[in-house]
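Each chain is listed here by its residues.
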Amino acid sequence: MADVTYEHVTKHFGDVVAVNDLDMKVADKEFLVLLGPSGCGKTTALRLLAGLEEITQGNIYIEGQLVNDVPPKDRDIAMVFQSYALYPHMSVYDNMAFGLKLRKTPKDEINKRVKEAARILEIGELLNRKPKQLSGGQRQRVAVGRAIVREPKVFLMDEPLSNLDAKLRVAARAEISKLHQRLETTIIYVTHDQVEAMTMGTTVVVLKDGLLQQMDTPYNLYRYPSNLFVAGFIGSPAMNFFDATLVGEDGDLYVDGGLFRLKVPEGKLQALLPYKGKRVTFGIRPDDIHDPQFTPPDITAGKIKAQVDVTELMGNEVFVHLLVGGKSFVGRFDPRTGVRVRDTIETVVNMDNMHAFDPQTEQVIR
């Protein structure tokens, strides 16, 4: 397998900058996910690596070899697309073997690779069927199998699960993760679905407008976002944001949101003191907003008095939409909560997990 390096890669489509100075390294055997909203440049970044688009500026290396001018067929990569693009007149076996036949691979070797891939993907009994006889999940496995038989240095996957229904997507996520562990391959995977990114990737790259926002582990992206965009994009429901001022009083620091005042915990003081008297964007995740009757022990608790606007029972938790001074925010409450619409309650905020962002630069204050 191989590592991949993007060295200050830029791609223009006329006046549009699709990828802007992308500089990153994908380690050997890593499962890296390119994540971001539509139009952020993630698929373009993948296509540049595959050789399906020309680089405007910069270099791409696979296993240390510069591949800018190497034709796609010679880059030793395999790609799985959103559209599985199976040949309808061919059997599953022939679909999987087609690329190898074009490369004039010996028949015995083709047979061995196809049957091994079918065994790994548990589609051995489907080899004689045509694509129209398969379910969506089975077609997805055949498309992955067609890539596996190539035994490439790098697998590229462009939203391969987006055509599946929700239940099947969950199963397919687990299959691809297990496949990565079994094959120990380098996989670069594109998605706009943060759940896919967080559950599958060893490393996640968040893109916006062609620019890399943060490259980190799923845990660090969630707990330590580098800026306002990453904080709001990662997590469902999204992080709550409030315009606030940091106010100093008797040696302490408070987040003053107008209709609430929350004491900054000691562990955050040093980073935030330079912003005393200044405006900040205060961020708190729904996980850290609790029903006063079911508050975790040992937290630095603050309180926001709010009215319950909507409740959504999710089974193991309740999403409670709250209003304070016309501003809406969301808490993730214990399923035993007794709150009802139009109740006024004092929600408990875990300030140990608060975030503060510079409103000008939108960068986190650390």
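Heads up: these notes are all about the structure in this document. (Residues numbered from 1 in each chain as written. Predicted model: local features only at pLDDT ≥ 70, side-chain atom pairs only at ≥ 80, totals over all residues. Heavy atoms only, no water.)

Scanning the protein chain for helices and strands turns up nine helices and 20 strands. With respect to the three principal axes, the spread of C-alpha positions in the protein chain is 80 × 45 × 35 Å. Once local pairs closer than 6 in sequence are excluded, the contacts in the protein chain between residues at least 24 apart make up 66%. Accessible surface, the protein chain as shown: approximately 17,700 Å² in total, 48% of it carbon and sulfur. Both charge centroids of the protein chain, one from 45 positive and one from 48 negative side chains, sit 7 Å from each other. (Helix = DSSP H or I, 4+ residues; strand = E, 2+ residues; numbered from the N terminus. Contact = heavy atoms within 4.5 Å. Areas by Shrake-Rupley, 256 points an atom, 1.4 Å probe, with all protein chains shown as cover. Lys, Arg positive; Asp, Glu negative; His and termini not counted. Charge placed at Lys NZ, Arg CZ, Asp CG, Glu CD.)

Further remarks concern the packing of helix 2 (residues 92-102) against helix 4 (residues 136-148). At their nearest, the axes of helix 2 and helix 4 sit 8 Å apart, and the two run at 30° to each other. You can see that helix 2 and helix 4 cross each other, and the crossing is right-handed. Contacts from Val92, Asn95 and Met96 in helix 2 reach Val142, Gly145 and Arg146 in helix 4. Class assignment of the residues belonging to the contact of helix 2 with helix 4 gives a composition of three nonpolar, two polar and one charged. (Axes fitted to C-alpha atoms, helices over the stretch in contact; angles between N-to-C directions. Left-handed = near helix turned anticlockwise from the far one by under 90°. Nonpolar A, V, L, I, M, F, W, Y, C, P; charged D, E, K, R; others polar.)

What the six strands build is an open sheet, ordered 6-7-8-3-9-10; its pairing is mixed. Every other strand in the sheet has two partners, leaving strand 6 (77-80) and strand 10 (211-216) as the edge strands with one partner each. Mean inter-strand twist for the sheet, computed between neighbouring axes without regard to direction, equals 20°. (Pairing = 2+ DSSP bridges.)

Okay, the pattern of salt bridges next. The tally for this structure, following the rule as stated, stands at 14 salt bridges. A salt bridge links glutamate 53 to arginine 47; the shortest N-O distance between them is 3.2 Å. Judged by its relative accessible area of 28%, arginine 47 is partly exposed. Across the pair glutamate 116 and arginine 119 runs a salt bridge, and its minimum N-O distance is 2.7 Å. Of this pair, glutamate 116 and arginine 119 both sit in helix 3 (residues 107-121), three residues apart, roughly one helical turn. Assessed through its relative accessible area of 36%, glutamate 116 is described here as partly exposed. Arginine 119 gets classed as exposed once you look at its relative accessible area, which sits at 53%. (Salt bridge = Lys/Arg side-chain N within 4 Å of Asp/Glu carboxyl O. Buried < 20%, exposed > 50% of the residue type's maximum accessible area, 1.4 Å probe, protein only.)

Turning our attention to helix 5 (residues 166-183). When the terminal C-alpha atoms of helix 5 are compared, their 26 Å separation across 18 residues agrees well with the 26 Å that a helix rising 1.5 Å per residue should span. Tucked into the core, helix 5 has its buried residues touching strand 3 (31-35), helix 3, helix 4, strand 7 (154-158), strand 8 (186-191) and helix 6 (194-200). One or two residues past the end of helix 5 sits glutamate 184, with phi positive at roughly 50°. (Expected span 1.5 Å × (residues − 1).)

A separate point is empty space enclosed by the protein. The tally for this structure, following the rule as stated, stands at one cavity of 30 Å³ or more. A volume near 70 Å³ is recorded for the largest cavity. Forming the walls of the largest cavity are Leu121, Gln140, Arg141, Val144, Glu175, Ile176 and Leu179. Its residues assigned to classes, the lining of the largest cavity shows four nonpolar, one polar and two charged. (1 Å grid on protein atoms, 1.4 Å probe; cavity = no way out; pocket = protein on both sides within 12 Å on 5 of 7 lines; lining within 4 Å. Points joined across faces, edges and corners; volume = space filled by probe spheres on them.)

Here we take up the pairing of strand 3. The two faces of a sheet get side chains in turn, since along a regular strand they alternate between them. Most of strand 3 is tucked away: five of the five residues are buried. On strand 3, burial covers both faces: Phe31, Val33 and Leu35 on one face and Leu32 and Leu34 on the other are all buried. In the sheet, strand 3 pairs with strand 8 via five bridges, with the strands oriented parallel. Directly across from leucine 32, in strand 8, lies its bridge partner isoleucine 188. Strand direction decides the pairing type here: strand 3 and strand 9 (residues 203-208), joined by four bridges, are parallel.

Turning our eyes to something else, we now look at helix 2. For helix 2, the set of buried residues is Val92, Tyr93, Asn95, Met96, Ala97, Gly99 and Leu100. Those residues of helix 2 hidden inside the fold are in contact with helix 3 and helix 4. Directly beyond the C-terminal end of helix 2, a positive phi value near 55° is found at lysine 104.

So, about the environment of serine 91. Mapped onto the elements, serine 91 comes out in the loop between strand 6 and helix 2. For the pair formed by serine 91 and leucine 127, sequence separation is 36 residues and the distance between their alpha carbons is 6.5 Å. A polar contact of 3.1 Å, which involves the side chain of serine 91, links it to the backbone nitrogen of aspartate 94. (Polar contact = N/O pair within 3.5 Å; in protein donor to acceptor, adjacent residues only side chain to side chain.)

Positionally, glutamine 214 belongs in strand 10. According to the relative accessible area criterion, glutamine 214 is buried, its value standing at 7%. One polar contact links the side chain of glutamine 214 to the main-chain carbonyl oxygen of tyrosine 224, over a distance of 3.2 Å. Of the polar contacts made by the side chain of glutamine 214, one reaches the backbone nitrogen of serine 226; its length is 2.7 Å. Those residues in contact with glutamine 214 that sit more than four places away from it in its chain are Val204, Val205, Val206, Asn220, Leu221, Tyr224, Pro225, Ser226 and Val230.

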